[in-house]
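# Descriptive structure summary
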Amino acid sequence: MQLESYAVILSAILFGLGALGFVFKRNIITIFMSIELMLNAVNLSFVAFSRMRALLEGQVFVFFVIVVAAAEAAVGMAIILQVARNRQSLNIERIDLLKL
Amino acid sequence: MQAGANLTGMEDVLRLSPILMACGFGILIMLVDPFVPRARRSLTANLGVVGALASLACVFVSAQHMGRSYSGLPYTSLIQVDDLSIFMFFAVFSFAFLAMLGSLDYLEREGLQHGEYYALVLFATAGMAVMACAQELVTAFVGLEVSSISSYILAGYRRNAPKSNESALKYFLLGSFATAFFLYGAALIFGGAGSTQLEAIREIILHPNPLRQKESDLLVLGSALVLVGLSFKVATAPFQFWTPDVYEGAPTPVTGLFASGPKAAAFAILVRVFYSAFGSYRDTWFWAIWASAALTMFMGNLAALVQTNVKRMLAYSSIAHAGYILVAFAANSQLGIAAVLFYILAYALVKLGAFTLLGHLGDTGERRVEIQDLAGLGRTHPFAALCMSLYLLSLMGLPITAGFLGKLYILKAALDAQNIYLTSLAIMLAVNSVISAYYYLRVVRVMYFSEPAADWSPAPVPYPVAAVLLFTALPTVYLGLFPDAVRVMVLRSASTLR
């Protein structure tokens, strides 16, 4: 198999790990890190496909994803900080004022 | 040739003028805000409302310059302004205008009157507009994120209220999770088709390369992931669980915005991706949409039955309505797409009005949003009660309201397909309308037949809120009686899609 195929498989594994982390982790910061892992898995697959097909676009998309992820991280950390201030906890199980 | 190229560049600017205008006003507000003295905070608020109106006016400019963006710099055919885009521009900017108008007094009362609120609404709306006219998946992603990131902040805008924090946190975590799915889907589609342009994807599917069998697997998997990501955004089962929490915790006028604009824009991109680009994969995604529509309608309506909080009840009803729209979408015909668009407009207007009114009646800190708090509204505030009843009856689908015709078009689209599975969906829709009548009518009964609370009565409706009520109630009745103009518009949007 080519190098790129391994990269695609690796990105699928990373994405899966991120999704599992999102579902099973209890600390908000860790959940947030899982999302970042998923986004970076996407970046890896964009680069791998871009190389596989000899198209430059895939690498350009990565820049878009990085920029958007940075903006999201800035807003996300602010929200998490505010929650931590008001509730004195970062455990997602404790954030339960609005129940299903 | 050079002059011609420059001219086309200018064309693009005019074509996208509503989006550029909204962003321009947003930036202007952010720049002006620090220099405005505290006592004159209403200046930036007015600037926001003017910005929304200016963008709305630019939609008419944009309508004069329809077409694909020039395939050179700077917009490299990423965006297409067609009838669907114009319809959506008009819708989302009107929603933004109404939401801002409805927020003026709310923010004043809660002591949250800051310029950035209006800037964020404008940025969010610009993102929705980008989503509605995107012709390429990464562009759609950027639009989606511009609108989502602004929405996360707006959801948590009551910074010191724990419920608002929680709403923002849940929206942020689940929204980003959904975005990651959408993006991974886009990456796989890029791998399968070698492009993320919707038109190129369509071509590849229609004329597959026989040497590359694996491509179609990647495309199917990618489209499934994109569907998951968008299902989160439009809040359809099984990805709807965030909706009630986010809607309940967010400031009420913001909830009105969430229930209208982002949903409309997400449905627009859903139509573009699955009706246009992946149209030939219909057999593959039909069952996913079928199951999702059925599940969404029942889960939304059954959960709404037991709610005592009006905000939460309306959130569940939003879920149910997304299910109704999916029924029309599943029909996969021009008539179906037209029904989707008509219903979005009818539904969003009503939700905006209802949430705006609720934002006013909720009183400081949103303490009074239970159904019982509306008791006797018919006697103390006849106008407000009349509007609220109209909204609820339109959501229920009573004749002479827009909701009735919306449901009629959906049923017609589903039955015209002569397909047993679509017919079953249509029957489920009818059953659900009956279920929903119970909880809508309960609110109407409380408003008119219960005694008002002795110790408390809501303040009179301020002028901006009354204006929003008029701007939403009148079109609801107008669309219910004379739907022709909008009907022609949505049919044309649907027919120019392919």
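## Quick look at the overall build of chain A
- Secondary structure summary: chain A contains three helices and zero strands in total.
- The order of helices and strands in chain A, counted from the N terminus, is α-α-α.
- Taking 2.2 N^0.38 as the reference for a compact globule, 100 residues should give roughly 13 Å; the C-alpha atoms of chain A span a radius of gyration of 17 Å, well beyond that estimate.
- Along the three orthogonal principal directions, the C-alpha set of chain A runs to about 50 × 25 × 20 Å.

## Section: a nonpolar patch on the surface
Residue and element names in this part refer to chain A.
- There is a patch of nonpolar side chains on the surface, built from I9, I13, L17, L20, V23, F24 and L37 and spanning about 650 Å² of accessible area.
- Of the residues forming the nonpolar patch, the biggest block, six residues, is contributed by helix α1 (residues 3-24).
- One can find I9 in helix α1.

## Quick look at the interface of chain A and chain B
- Tallying the contact residues gives 42 residues for chain A and 45 residues for chain B.
- For the pairing of chain A and chain B, the buried interface totals around 3700 Å² over both sides, and the portion due to carbon and sulfur atoms is 77%.
- For the pair chain A and chain B, the number of links is one salt bridge.
- When the shortest N-O distance is used, the salt bridge between R87(A) and E166(B) registers 3.3 Å.
- Linking chain A with chain B are six residue pairs in polar contact (both at pLDDT 80 or more), by the criterion used here.
- Within the residue set of the side of chain A that touches chain B, elements represented by two or more residues are α1, α2 (28-52) and α3 (57-87) of chain A.

## Focus on the packing of helix α14 (residues 334-361) of chain B against helix α19 (residues 463-481) of chain B
Residue and element names in this part refer to chain B.
- Following both chains from N to C, one finds α14 and α19 inclined at 150 degrees, their axes separated by 9 Å at the closest point. It follows that α14 is roughly antiparallel to α19 by the angle criterion. For the element pair α14 and α19, the recorded crossing hand is left-handed. In this structure, α14 uses F342, L345, L349, V350, L352, G353, T356, L357 and H360 to contact α19, whose residues at the interface are V465, V468, L469, F471, T472, P475, T476 and L479.
- Split into classes, the residues belonging to the contact of α14 with α19 amount to 12 nonpolar, five polar and no charged.

## With respect to the nonpolar core
All names here are of chain B.
- In this structure, F278 and F329 are the most contacted members of the largest nonpolar core, which totals 220 residues.
- At 20 residues, the largest contribution of residues to this core is made by α14.
- Setting aside chain neighbours within four positions, we find F278 in contact with I189, I201, I205, L219, S223, V273 and W285.

## Describing the pattern of salt bridges
- Tallied over the entire structure, the rule returns 18 salt bridges over all chains.
- Of the charged contacts in the structure, one is a salt bridge between E11(B) and R15(B), with a shortest N-O distance of 3.6 Å. With E11(B) and R15(B) both in helix α1 (residues 2-15) and four residues apart, the pair spans about one turn of that helix.
- Using a relative accessible area of 6% as the deciding quantity, one classes R15(B) as buried.
- Among the ionic pairs, E110(B) bridges to R109(B), the shortest N-O distance being 3.1 Å.
- Residue classification places R109(B) among the partly exposed positions, given a relative accessible area of 27%.
- Each of R87(A), K163(B), E166(B), K170(B), D245(B), E248(B) and R312(B) takes part in one network of salt bridges that share partners.

Criteria and thresholds
Residues numbered from 1 in each chain as written. Chains lettered and ligands numbered in written order. Predicted model: local features only at pLDDT ≥ 70, side-chain atom pairs only at ≥ 80, totals over all residues. Heavy atoms only, no water. Helix = DSSP H or I, 4+ residues; strand = E, 2+ residues; numbered from the N terminus. Rg over C-alpha atoms; globule rule 2.2 N^0.38 Å. Patch = residues over 30% accessible without salt bridge, like charges linked within 9 Å, V, L, I, M, F, W, Y side chains within 5 Å. Areas by Shrake-Rupley, 256 points an atom, 1.4 Å probe, with all protein chains shown as cover. Salt bridge = Lys/Arg side-chain N within 4 Å of Asp/Glu carboxyl O. Contact = heavy atoms within 4.5 Å. Buried area = accessible area lost by both parts, 1.4 Å probe. Polar contact = N/O pair within 3.5 Å; in protein donor to acceptor, adjacent residues only side chain to side chain. Axes fitted to C-alpha atoms, helices over the stretch in contact; angles between N-to-C directions. Parallel < 35°, antiparallel > 145°, perpendicular 65-115°, else oblique. Left-handed = near helix turned anticlockwise from the far one by under 90°. Nonpolar A, V, L, I, M, F, W, Y, C, P; charged D, E, K, R; others polar. Core = buried A, V, L, I, M, F, W, Y, C linked by side-chain atoms within 4.5 Å. Buried < 20%, exposed > 50% of the residue type's maximum accessible area, 1.4 Å probe, protein only.

Taken by themselves, the reported measurements are silent on function.
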